[in-house]
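Residue strings, one per chain:
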Amino acid sequence: GSASVLDNKPLGWSSKVSNMLFSPFEHTLYVDADTRFCDDPQEILAELRHADVIANKEARDALYTTQSPMINGGVIGFRKTSKAAALIYAVIRLTFGKSVGDQPQWGYVAMSGRISGLRFHLMPLRFHFQHCREQHSACVVSGKVILFHGRVWSQMLEGKCRLLNKVTTTRIFQLLPDGPPHLNILEPHQRHTWHLEPIQM
């Protein structure tokens, strides 16, 4: 979090979130500095025609089925609406002067119904692709990845987007603790089973 202070209270993660209120645009896509784009984000921004705020859950396991409401705050899209502003203000209040991150607060507020009429949509994983963190587990993604996010990606070689979008069918991407990233195509082999086909890098 930020080391800035106001009235002798550390701003913490609220300093990051508060900057969103100053966007002059009708549609804004906030991304962390460790985010890289693989394609035009217009498809992501188009989702804001039907929502006040769009975001993605924190990826934690291979099947992306975590029951946690935690939202990954590294990529947040929002419209200039009173509902979006109310959500941003709520996250600021929950993080100001506290040693807590913003990620749990986005999901807590957005999914609790505290803001009546808020249109909050979860993005498909390909709009905001994250490496799965638990024990280097694999992430499953379908379609063309538009952006990827996370410090671990900076350790990969050039051509990250080419690697992620070498195929656009349903596939597994896994970062192994040692050695190069490992990519698999996941395709139906027969009912209720899967055949894994490694791709040569």
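Refer to the structure presented above.
Residues numbered from 1 in each chain as written. Predicted model: local features only at pLDDT ≥ 70, side-chain atom pairs only at ≥ 80, totals over all residues. Heavy atoms only, no water.

Considerations on the sheet that holds strand β8 (residues 129–130)
One open sheet holds the 3 strands; their spatial order is β4-β10-β8, and the pairing between them is mixed. At either margin of the open sheet sits one strand with a lone partner, and together these are β4 (35–37) and β8. Two elements, β8 and strand β10 (residues 147–149), share 2 bridges in a ladder whose sense is parallel. Residue pairing in the sheet places Gln 130 in a bridge with His 149 of β10. (Pairing = 2+ DSSP bridges. Helix = DSSP H or I, 4+ residues; strand = E, 2+ residues; numbered from the N terminus.)

Here's the deal with the sheet that holds strand β5 (residues 53–57)
Judged by pairing direction, the sheet is mixed, and its 4 strands sit side by side in the order β3-β6-β5-β7 without closing on themselves. Of all the strands in the sheet, just β3 (27–31) and β7 (120–122) have a single pairing partner and so form its edges. When the angles between neighbouring strand axes are averaged without regard to direction, this sheet yields 25°. Here β5 pairs with strand β6 (residues 71–79) via 4 bridges, running antiparallel. Each bridged residue has a counterpart across the sheet, and for Asn 56 the counterpart in β6 is Asn 72. Its contacts with the sheet put helix α3 (residues 82–95) on β5, β6 and β7, and the angle it makes with β6 is roughly 150°. Helix-sheet contacts for helix α4 (residues 103–110) involve β6 and β7, and the interaxial angle to β6 is about 55°. (Axes fitted to C-alpha atoms, helices over the stretch in contact; angles between N-to-C directions. Contact = heavy atoms within 4.5 Å.)

Here we look at the nonpolar core
Ranked by size, the top nonpolar core spans 19 residues in total, and within it Val 53, Ile 76, Leu 87, Trp 106 and Phe 120 carry the most contacts. Elements supplying a minimum of two residues to this core: β5, β6, α3 and α4. Counting residues per element, this core draws most heavily on α3, at 6 residues. Ranked by size, the runner-up nonpolar core spans 12 residues in total, among them Ala 59, Leu 125, Val 141 and Leu 164. (Core = buried A, V, L, I, M, F, W, Y, C linked by side-chain atoms within 4.5 Å. Buried < 20%, exposed > 50% of the residue type's maximum accessible area, 1.4 Å probe, protein only.)

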